[in-house]
Amino acid sequence: ITQQMYNFVDKSGYNVTLRPEMTPTLARMILGRTNESGETKMILPVKWFSIPQCWRFETTQRGRKREHYQWNMDIVGVKSISAEVELMAAITTFFLRVGITSKDVGIKVNSRKVMASILKAHGIKDEQFAPVCVVVDKLD
């Protein structure tokens, strides 16, 4: 991934990398508030969002620019898929409030937890999960 980052030495001689995404920042924030035994000093769940300016050094293509703003929403500390459902509801509510409908945009979910929950509800056993995911991944 380092080949896809903007890295350079600034005028003071410091090595600088422009932020490619926010996931490491969130991970550092949570880990920085976690003790040696793995217990967090924060009240869970942690709900966090950001709309940072990010950069990536890769070939530009439709929908993937080198400089972009990225809307991040995360919920940390929830073991069930209810966090994913809450995030999807927030996204859908935002789109509807700004006038974007299902005619304008589609939402694709890429979550093993959500997939496992849906497949289980349809009678797919745990040992069938991986092969079924291979088939589903090939669908559009």
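Calculation notes
Residues numbered from 1 in each chain as written. Predicted model: local features only at pLDDT ≥ 70, side-chain atom pairs only at ≥ 80, totals over all residues. Heavy atoms only, no water. Helix = DSSP H or I, 4+ residues; strand = E, 2+ residues; numbered from the N terminus. Buried < 20%, exposed > 50% of the residue type's maximum accessible area, 1.4 Å probe, protein only. Contact = heavy atoms within 4.5 Å. Areas by Shrake-Rupley, 256 points an atom, 1.4 Å probe, with all protein chains shown as cover. Lys, Arg positive; Asp, Glu negative; His and termini not counted. Charge placed at Lys NZ, Arg CZ, Asp CG, Glu CD. 1 Å grid on protein atoms, 1.4 Å probe; cavity = no way out; pocket = protein on both sides within 12 Å on 5 of 7 lines; lining within 4 Å. Points joined across faces, edges and corners; volume = space filled by probe spheres on them. Nonpolar A, V, L, I, M, F, W, Y, C, P; charged D, E, K, R; others polar.

Tallying secondary structure elements over the protein gives four helices and six strands in all. Along the protein, helices (α) and strands (β) appear in the sequence β-β-α-β-β-β-β-α-α-α when read from the amino end. Projecting the C-alpha coordinates of the protein onto the three principal axes gives extents of approximately 60 × 45 × 35 Å. The buried share of the protein, taken over its 140 residues, is 16%. Of the contacts made within the protein by residues no fewer than 6 positions apart, 38% connect residues no fewer than 24 positions apart. Element-wise, carbon and sulfur atoms account for 57% of the exposed surface of the protein, whose accessible area totals about 11200 Å². Looking at the protein, you have 20 positive and 14 negative side-chain charges, and the mean spots of the two groups are 4 Å apart.

Another point: the layout of surface pockets. What the largest pocket holds in volume is close to 620 Å³. Considering the residues around the largest pocket, the lining is formed by 20 residues, among which Gln 70, Trp 71, Asn 72, Met 73 and Ile 91 are closest to the centre. The greatest single-element share of the lining of the largest pocket, amounting to four residues, is contributed by helix α2 (residues 82-97). Tallied by class, residues from the lining of the largest pocket come to ten nonpolar, five polar and five charged. Val 109, Asn 110, Met 115, Val 136 and Asp 137 are, among the 14 residues lining the second largest pocket, the residues nearest its centre. Elements with a contribution of two residues or more to the lining of the second largest pocket: α3 (112-121) and α4 (129-137).

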